[in-house]
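Geometric and topological summary
Next come the chains, spelled out residue by residue.
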Amino acid sequence: MNIHKTFARFFGNRETVVIFAYLAAMAAVPGIGTLAALHLMFMAFTKKGEWYFKSLVYFALLKHLNPIFHPPSTNLFLLFVIILFVIFLIETLTSSKMRLFSLEKKFYLLFLLFALASMAGSLYPTFSLIRIAIVWIFTFVVFQSIRRLGKFDLIQFMLRVTALLVFVSLPLIFTGAGYMCVGFFKGAINHSQDFALILLPLFMLYLTAILSHKIQNSLFHMTVLGIGSIELILSASRGAVGAVVMTLILYFILQKSTKVKKKSLISMLFLLAGLILFVAANPEKVQQRIDSFFMKYENTGGVTTYEDSVAGRLYLVEVAKNNIKEHPLTGVGFNVQTYYQDPLVRLNLERLIKYIPETDIMYSRPLEKGNLYTSVFEENGIVAGIFFLYLLFSLFWMLYRSGLPFVWTPFFAMMINFNGEASLFSPSGPGNFQMLFIAALYLMALQQKQKAGGMHGA
């Protein structure tokens, strides 16, 4: 009975029904995505409160949807953020109780270091400063939105977002529209790497929320986790899958008091049995996927070696190291790329660069970074790079000390995956969602700290 109630509660929820209805309409009629975007803006401006944050999260996912859903223009998202920025800035400046979160201050200081380094040594100073300004504006909007959440249940909202992403992606497993041309699963998102990048922290939050008994285990939750794990593996993101494994190992080492309840054990065995049946029913496809995962298949040319599959990424890191040696203090400039792995990007670079209309001011340029840590040092110099590492580890320590495993494990998984994905500071990339997720984790930990009586140092 409880199982049926859980499924009914999710699929019968008004918000979920509206989202599914929009997605179905978007897949059938181009232009509905713009209507969905305008609806989100309307909800934020009229409902306010929790809808500021919820609209940003939904919008950040909406603009990265699989092309079959005809997602709206990214410019609409930028317009939404700018309008929120103006609203929040006016409210902040006219408020007698203007306060900033501790993490927020650290990000602003980091962006200041980025700006100083770019003014001193960027290969494209104006471009770098414009990009820094966009990232700063979005970060300000993110933290102001979580300040207005009130008593909103963040954990339940993030669990709902996870289930939505997993279930919307499920039917795409069985159609070519759900895969990249090289066979990697991208689900409801427009790229397999972005899909894994977005699903990874959501998946870890969901998994450890169950393991730490934050939410009661059920068939519904195990279904979400089972489908999600298959989708994550199908994406062929070795970084994401590796992050899950490493994070779980650390979780069980650090959570010495964790006890696996009989019901949880039965559910895990049920999930394992489901995976075994899936493998037994599709042995050849599973074997192909395993080979593809480690060796990176090319549909048009057979198999590439592991060394070939990572050579491009390794060369990006090598270029970054050389740039760090040549520009140790200033870097080459925020969001500046000096080498492109993708030959199509190299051939069409000038066409892909965007300028402010009627000017020669560049505001968008292709970006290919394989490692967030090396890219921060490469673009902004040693001082900013060291401060960035301090920011990450101080945040991890704060999240860990909250005593909430479902808060620190997703962030730890993200830190591991930063070695293979560097989109956090890309104004138009999935880094938008990552920043929103980081702010949500921070607020959860902060609320837990306040409950325990440690209200200072927020």
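In what follows, the structure referred to is the one given above.
This write-up is about the structure you can find in this document. (Residues numbered from 1 in each chain as written. Predicted model: local features only at pLDDT ≥ 70, side-chain atom pairs only at ≥ 80, totals over all residues. Heavy atoms only, no water.)

Things to note about the overall build of the protein
Convention followed: Helical segments are the DSSP runs of H or I of at least four residues, strand segments are the runs of E of at least two, and each set is numbered from the N terminus. When accessible area is computed with a 1.4 Å probe and restricted to protein chains, residues below 20% of their type maximum are described as buried, those above 50% as exposed, and intermediate ones as partly exposed. Shrake-Rupley sampling with a 1.4 Å probe provides the accessible areas, and residues are treated as covered by the protein chains on show and by no other component.
Counting its regular elements, the protein contains 19 helices and four strands. Put simply, the protein has 458 residues, and 52% of those count as buried. Of the accessible surface of the protein, which amounts to about 21,400 Å², a share of 65% is contributed by carbon and sulfur atoms.

Observations regarding the nonpolar core
Heads up, the condition is: Definition of nonpolar core: a set of buried residues of the types Ala, Val, Leu, Ile, Met, Phe, Trp, Tyr and Cys, connected through side-chain atoms within 4.5 Å. Residues are treated as being in contact if the distance between any of their heavy atoms lies within 4.5 Å.
Ranked by size, the top nonpolar core spans 135 residues in total, and within it Phe53, Phe425 and Met444 carry the most contacts. Broken down by element, this core gets its largest block of residues, 15 residues, from helix H9 (residues 192-211). Apart from residues lying up to four places away in sequence, Met444 is in contact with Leu154, Ile155, Met158, Leu205, Leu404, Phe406 and Val407. In terms of nonpolar packing, the next biggest core, distinct from the first, is built from eight residues, Val332, Tyr340, Val345 and Ile353 among them.

As for the packing of helix H17 (residues 372-401) against helix H19 (residues 431-451)
Under the convention used in this document: Simply put, an axis is a line fit to the C-alpha atoms, just over the touching stretch for a helix, and the angle between two N-to-C directions goes from 0 to 180 degrees. Any angle that falls under 35 degrees is termed roughly parallel, while one over 145 is termed roughly antiparallel, one within 65 to 115 roughly perpendicular, and all others oblique. Handedness of a crossing follows from how the near helix is turned relative to the far one, being left-handed for an anticlockwise turn of less than a right angle and right-handed for a clockwise one. Only Asp, Glu, Lys and Arg are considered charged in this grouping, and only Ala, Val, Leu, Ile, Met, Phe, Trp, Tyr, Cys and Pro are considered nonpolar; every other residue, Gly among them, is considered polar.
Relative to each other, H17 and H19 sit at 45°, their axes nearing to 9 Å. In terms of their interaxial angle, H17 and H19 are classed as oblique. Crossing of H17 against H19: the hand is left-handed. Residue-level contacts link Leu395, Met398 and Leu399 of H17 to Ile438, Leu441, Tyr442, Ala445 and Leu446 of H19. For the contact of H17 with H19, the per-class residue count stands at eight nonpolar, no polar and no charged.

A few points about unusual backbone geometry
Although it is not a glycine, Ala236 adopts a positive phi angle of roughly 65°. Structurally, Ala236 can be placed in the loop between helix H10 (219-234) and helix H11 (238-254). In this structure, Asn335 is a non-glycine residue whose phi angle is positive, near 65°. By secondary structure assignment, the location of Asn335 is in the loop between helix H14 (306-326) and helix H15 (343-347).

Remarks on helix H8 (residues 154-169)
Note the threshold: A helix is expected to reach a length of 1.5 Å times the quantity of its residues less one. Whenever a nitrogen or oxygen atom comes within 3.5 Å of another N or O atom, the pair is scored as a polar contact, on the condition that within protein one atom can donate a hydrogen and the other can accept it, and that pairs from neighbouring residues in sequence are kept only if both atoms are in side chains.
Its 16 residues place the ends of H8 23 Å apart at the C-alpha level, agreeing with the 22 Å of an ideal helix rising 1.5 Å per residue. H8 sits mainly inside the fold: 15 of its 16 residues count as buried. A side-chain oxygen of the first residue of H8 lies 3.4 Å from the backbone nitrogen of Ile155; this N-cap is Asp153.

Examining the side chain of His64
Within the secondary structure, His64 sits in the loop between helix H4 (50-62) and helix H5 (74-93). Excluding its chain neighbours within four sequence positions, the residues that come into contact with His64 are Ala188, Ile189, Asn190, Asp194, Ser428, Gly429 and Pro430.

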